[in-house]
Every structure is written in C-alpha cells, then in structure tokens.
Amino acid sequence: MDFKSLEAVIWIDRLGGFKAAAEALRMTQPAISVRIAQMEAGLGAKIFYRTGKSITLTPVGMTLLQYAERILELRDEAIATIKGHNEERGIIRIGAVETVVHTWLPSLMCSLSDKYPHVTVDLDVSVSDEIQRKILKGMLDIGLYIGATNSPMLVEMHLCYFEMALVCSSQIQLDTDERANLNTLPAMPIMTFSRNTVPHVILRSLLAREGIVHHRICAMNSVPTIINMLCNRIGLALLPIVMIKKYLDSGELKVINLGVKIPAMECVAGRLAKHGSNIVDDIVNLASSMTRTPHLWGHQTPSQ
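A. Just helix H6 (residues 105–115), in detail. For H6, the full list of buried residues reads Leu105, Ser107, Leu108 and Leu112. Buried residues of H6, viewed axially, fall in a sector of 155°; they line one side. Packed against the buried residues of H6 are strand S3 (90–96), helix H5 (98–101), strand S4 (119–125), strand S5 (142–146) and helix H11 (278–291).

B. Region of the structure containing the pairing of strand S2 (residues 54–57). Sheet topology note: the strand S1 (residues 48–51)/S2 ladder contains 4 bridges and is antiparallel. Bridge pairing links Arg50 to Ile55 in S2. With antiparallel pairing between neighbouring strands as the criterion, S1 and S2 make up a hairpin whose turn holds 2 residues, including Gly52 at a positive phi of roughly 65°.

C. Region of the structure containing the packing of aromatic side chains. In this structure the tally under the stated criterion is 1 aromatic pair. Ring geometry for Phe18 versus Phe48: centroids 6.0 Å apart, planes at 65°, classification edge-to-face. Within this pair, whereas Phe18 is found in helix H2 (residues 18–24), its partner Phe48 is found in strand S1, the two being separated by 30 residues in sequence. For the residue pair Phe18 and Phe48, the accessibility class agrees, reading buried in each case. Arg14 extends its terminal NZ or CZ atom over the ring of Trp11, reaching a point 5.0 Å from the ring centre. The residue whose ring lies beneath Arg75 is Phe3, and the NZ or CZ to ring-centre distance is 5.2 Å.

D. Broad picture of a negative patch on the surface. On the surface, a cluster of negative charge is contributed by Asp13, Glu69, Glu73 and Glu77. Counting through the fold element by element, Asp13 comes out in helix H1 (residues 3–15). We classify Asp13 as partly exposed; its relative accessible area is 36%.

E. Representation of the confidence of the model for the chain in the model. Model confidence for the chain is summarised by a mean pLDDT of 85, while 88% of its residues fall at 70 or above. The element-level mean pLDDT for the chain is lowest in helix H4 (residues 59–84), coming to 84, with S5 highest at 95. Ignoring residues within four places in sequence, the model shows residues 298–304, a span with pLDDT below 50, making 23 contacts including any to other chains.

F. Molecular detail of the packing of H6 against H11. Where H6 contacts H11, the axes come no closer than 10 Å and their chain directions differ by 135°. Looking at the two axes, H6 sits oblique to H11. H6 and H11 meet at a crossing whose hand is right-handed. Residue-level contacts link Ser107, Leu108, Ser111, Leu112 and Lys115 of H6 to Asp282, Ile283, Leu286, Ala287 and Met290 of H11. In terms of residue class, the contact of H6 with H11 is made up of 6 nonpolar, 2 polar and 2 charged.

G. Main features of the packing of H1 against helix H3 (residues 29–43). At a minimum axis distance of 10 Å, the contact between H1 and H3 shows a crossing angle of 105°. Relative to H3, the element H1 is oriented roughly perpendicular. Each of Lys4, Ser5, Ala8, Val9 and Ile12 in H1 lies in contact with H3, whose residues at this interface are Ile32, Arg35, Ile36 and Met39. Residues that form the contact of H1 with H3 fall into these classes: 6 nonpolar, 1 polar and 2 charged.

H. Seen up close, the sheet that holds strand S8 (residues 190–192). Spatially, the 5 strands line up as an open sheet ordered S9-S8-S10-S7-S11, and their pairing is mixed. Strands at the two margins of the open sheet, each flanked by one partner only, are strand S9 (217–219) and strand S11 (253–255). Between one strand and the next, the sheet's axes are offset by a mean angle of 35°, whatever the strand orientation. Summarising the sheet, S8 and strand S10 (residues 236–240) pair through 2 bridges and their orientation is parallel. Directly across from Ile190, in S10, lies its bridge partner Leu236. Sheet contacts for helix H9 (residues 223–231): strand S7 (164–169), S8, S10 and S11; angle to S10, the most-contacted strand, approximately 140°.

Cut-off values and rules
- Residues numbered from 1 in each chain as written.
- Predicted model: local features only at pLDDT ≥ 70, side-chain atom pairs only at ≥ 80, totals over all residues.
- Heavy atoms only, no water.
- Buried < 20%, exposed > 50% of the residue type's maximum accessible area, 1.4 Å probe, protein only.
- Helix = DSSP H or I, 4+ residues; strand = E, 2+ residues; numbered from the N terminus.
- Arc of directions from axis to C-beta.
- Contact = heavy atoms within 4.5 Å.
- Pairing = 2+ DSSP bridges.
- Phe/Tyr/Trp six-rings, centres within 6.5 Å; stacked < 30°, edge-to-face > 60°.
- Lys NZ or Arg CZ within 6 Å of the ring centre and 35° of its normal.
- Patch = residues over 30% accessible without salt bridge, like charges linked within 9 Å, V, L, I, M, F, W, Y side chains within 5 Å.
- Areas by Shrake-Rupley, 256 points an atom, 1.4 Å probe, with all protein chains shown as cover.
- Salt bridge = Lys/Arg side-chain N within 4 Å of Asp/Glu carboxyl O.
- Lys, Arg positive; Asp, Glu negative; His and termini not counted.
- Charge placed at Lys NZ, Arg CZ, Asp CG, Glu CD.
- pLDDT = per-residue confidence, 0-100.
- Axes fitted to C-alpha atoms, helices over the stretch in contact; angles between N-to-C directions.
- Parallel < 35°, antiparallel > 145°, perpendicular 65-115°, else oblique.
- Left-handed = near helix turned anticlockwise from the far one by under 90°.
- Nonpolar A, V, L, I, M, F, W, Y, C, P; charged D, E, K, R; others polar.

See the structure below:
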C-alpha cells in the first residue's frame, strides 16, 4: 500500500469508475486494477462492490477511504511545511552567559529581529561549562561563553574581552584609597559567579597568590543579586566592569585598587563544527560586530 494506491481509492470513489480514475491519475486502467487487487489481497477484504457498471465502496472501503484522505492530507502538509522551511524561518537556539546578556546581547537580538523577522530565538542563559556541554550535545546552535575550549569539535571565534575589577560599596571604608592589599581587605565575603566559572577561578588565584586560603568566596549565579548585595554593603565582589559601570559612574560603588592586573575574561562564540549553516555563521558575525561597537553596550574594548 502506497500513496499512489490510496489516491486510486479516492479517485475511483469520486469519479465512480476505474477508467475515469486512471485518466485522472494518468495511469492505465489495468494498472489501477492491479493496485486495488493488491490492496484487497493485503487487507484480506474487498474495497469495492462491482455491480455491472456501478462501483461503490464496501464498509472496509469506506474505512480505508477515511484513512487515505487523512494520510494524503498529512503528506501534503508535510511537503508544504518542509518546502516552506528554510534557515530564515525557524528556531535558533542560543546559549549566553549572564555577562553577555546584560551587555551587548540586546543589541544583537534587535539586529537579528530586523534581519531575520521570521526566525525565533530560544535563549538559554547559563554558565560557560553548561553552554559548551549543550553545544556538543546538539542542544544549542550557538554559544556565547567565556573562555575558548580549543575543542576540535567546535568552531570558535573571539568576540571581546571583559575587564574585571574588585569592587565594593562606596560607603565601605578601606585602610587606603590608593592601593589596597588583599591581606588587609575588610573581613567580608567576596562575591562572584558560580564555582568553576572563569571569575571564580580568577578570584581563587588572586587570593592563593597572596597566601590567603580561608577568605569566604560566595558563589552566585545572578548578577543583579550580587549588585544588590554590594549596594547593601554585604560584601565585596569580583565582576566585569561593564556590568557595574553605571554604579561606578554614580559613585554608588567603587573599584578597589589592588595594584595588580586582574586578568580579563575572553568571550567567544562557538558552534559545532559539523553543524555549520549560513544563518548561524551570520549570527556569529553579527555578534562580532556588536562587540566592535562599544557604545552599544559599555566602555569595554573588543580586544586586549
């Protein structure tokens, strides 16, 4: 039983005969008869009553007709959907770290909406490790994360650097306003992103270099929460400068000068090497252009 045989049943019923159905389907009458005979043999039942020149459906034939119409409708729907589907109509799954979400991602989303109005973006905000894992599993089309993996399974593009700073509330009094020492910082927790993230590793490294092993590091996965804690003098924090620029400009927060260069975080775009497509590559290029336009998202520079 195939589509052509099901079409034969439908047209024989509509036109009332094998000959007319054969002409409609551009087949020979014997070919139509063979198809019906093969279906009847397969079903073990008659599809049509043949009384003289009259041909009508049997109860089995009427049931088959209903299924045939549904099956062919689904076939036509599938063909129309698949033919109408292209890269500019569909869903793109993007994973992004929170730093990107709170800086230049809104500009990227606006550009995507203008250029690809029929594309829907599913956004997954997570930490870099999780984004990389989901890309490798085919669960994300594009990842915007911190730190290149150098995996042969991924195609990665450098986007920008995020400068980092240790900050606190301007109301917190430090021993010196010029240069602070990690050993003489207030006995307050230092907040930063979740464990195993680049900022958390940077902070642990800074403390370890000074021989500090017992300072409290509070891991949080919400930048607004960290900023709220900072403003309420709950602790210090290591954050990308661009994310707290307005608080620094307003004087609500201040940078603690440690006298050492804090490593910047490299942001990259990554995708599966074997799943490249024009639209995915174009989105990555759009992201790159966003990072080359600092006024759209802050005062950071795209390279170091």
